[in-house]
Amino acid sequence: MLTFLSAITALILGYLFYGKFIERFFGADDNRQTPAIQLEDGVDYIPMPTWRIFTIQFLNIAGLGPIFGAILGAMYGPISYLWIVFGCIFMGASHDYFSGMLSLRNNGASLPEIVGKYLGSSIQNFIRLFTIVLLIFVGVAFVTGPAGLLTDLTGGGLNWWLYGIFAYYLLATLLPINKIIGKIYPLFGLALLLMAFSIAGMLIYNEITGSIALNEISFQDLRNLHTNPSQNILYPMMFIVISCGAISGFHSTQSPMMARCLKKESYGRPVFYGAMVAEGIVAMIWATAAMNFFGNASELNLNIAAGHNPAWIVNEICTTWLGKLGAIFAIIGVIACPITTGDTAFRSARLTIADIFNYNQKSIQSRLLISIPLFAIGFILSQLEFATIWKYLGLSNQILSMVMLWTAAMYLAKEGKNHLPLSIPALFMTGICFTYLLVAPNKNGGLAIDSELGILVGALIALSVYLLFLLKIKDKPLKGILSFVADKSKK
């Protein structure tokens, strides 16, 4: 129990201390007028209470991510705890805070527009397309999964559930943000937190009564405990599997929506940094529950190898420990929460496209003009296998986080501030992404080369990118040196 309680405590302390440091480092200023006040339009720019924005942001970035990802990450063993805690505090929460606050400082701009401002138009154009594709795939993934589960529960037709969920998506995407999203999502966000805290309570209760013995982290467990380690290499694959709960680029697409609703800049820390820490706590709870419900990481691996998926594990844990209440929580967690993440993904896609073309979204006609083609594409993609869609989301997610971290680091450099709090995480995530591309199995989108070689090449690529970043922020002295060398060579 000491490991579990220490991890939760560390996450809370991370918010209180490192979160405050990041806020001061950024320079949040309540004397600045926020976009919600300056650009209020009654649709996307609407001032809302901070507690409501926090719960919406938490639900938008969480959904199934910190549950399913944490369960799959727990297959690697207790070492996953370290990634959740330290990744969340020093990388994920900082990533979310800067993505939200940079949007706030740029009139609620979407991620590609922020990237373009600090990293240039070439990367901006790539991220525009990349972000829209990712958001559509997230929306599709979070409609096909729940639709399939509803079909199994009711015996109804899959396409009818797809029609119903897509119709809801369209409605939630078109309506002002304070209507469906602002009123219903805080309730689902609170339900997701209540489910996690209930599971945490049962973990502690079962430990006290002796029903289970929570595994404590030890040096001998700080290794890959996955039953198929050759196909599931600890570095980098665990860092891709556990994204929500540690760091997730998808969050940077969601933060601008809430940046358009904040009344003061000081509210950014609880909304952006705080929601990510809350997600880290949820991930820690579910990783611990999954590992200890079956006894240890090895038993968890055996159950998944037997054909059980994370949704089955969530249902087993909830119904066993919480009875009928647990069954309700399981339905909320596995069906309702993914749907609420999917519709905000489509809303973010609409806003991103509108920002690209500088297309005002105040009228319903202008929103329909973007939304209808988006949903048509989404429905076509929903006919693909869920596994096919999901396979590419993990890496895409972390590539986006890498770009956002470099964007924030460049912002700090241009402001004359120390970039290390963001450039070091950016360096790490660059190594993760390129190493994954090199060593991951072909079926997971990688080249499947020798892992030791792949790790070395991935590290060299990451260091090269870091050196290019350092040269970029000192480009004037570099130009001077090159000119001097050129003049000498002519003589």
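Let me begin by describing the structure that accompanies this report. All values reported here derive from a predicted model rather than from experimental measurement.

### Comments concerning the nonpolar core
Ranked by size, the top nonpolar core spans 166 residues in total, and within it Trp 83, Phe 98, Tyr 169, Ile 199, Tyr 273, Trp 286 and Trp 321 carry the most contacts. Broken down by element, this core gets its largest block of residues, 21 residues, from helix α14 (residues 310-356).

### Here's the deal with helix α9 (residues 180-209)
With 30 residues, α9 extends 43 Å from end C-alpha to end C-alpha; this agrees with the ideal 44 Å at 1.5 Å per step. A positive backbone phi angle near 85° is found at Gly 210, which sits one or two residues after α9.

### Topic: unusual backbone geometry
In this structure, the amide linkage connecting Tyr 235 to the following residue, Pro 236, adopts the cis form with an omega of 20°. Note on placement: Pro 236 falls in helix α10 (residues 234-241). With a phi close to 50°, Asn 358 is a non-glycine residue in the positive phi region. Its place among the elements puts Asn 358 in the loop between α14 and α15 (364-381). Owing to a relative accessible area of 72%, Asn 358 belongs among the exposed residues under this scheme.

### Structural notes on the side chain of Arg 367
Within the fold, Arg 367 resides in helix α15. In this structure, Arg 367 is buried with no salt-bridge partner, the nearest side chain bearing the opposite charge being Asp 44 at 5.9 Å. Side-chain polar atoms of Arg 367 contact the backbone oxygen of Lys 362, separated by 2.7 Å. Here Arg 367 is in contact with Val 43, Leu 174, Leu 175, Pro 176, Arg 350, Gln 361 and Lys 362, once residues within four sequence places are set aside.

Reading guide: rules and limits
Residues numbered from 1 in each chain as written. Predicted model: local features only at pLDDT ≥ 70, side-chain atom pairs only at ≥ 80, totals over all residues. Heavy atoms only, no water. Core = buried A, V, L, I, M, F, W, Y, C linked by side-chain atoms within 4.5 Å. Buried < 20%, exposed > 50% of the residue type's maximum accessible area, 1.4 Å probe, protein only. Helix = DSSP H or I, 4+ residues; strand = E, 2+ residues; numbered from the N terminus. Expected span 1.5 Å × (residues − 1). Lys, Arg positive; Asp, Glu negative; His and termini not counted. Salt bridge = Lys/Arg side-chain N within 4 Å of Asp/Glu carboxyl O. Polar contact = N/O pair within 3.5 Å; in protein donor to acceptor, adjacent residues only side chain to side chain. Contact = heavy atoms within 4.5 Å.

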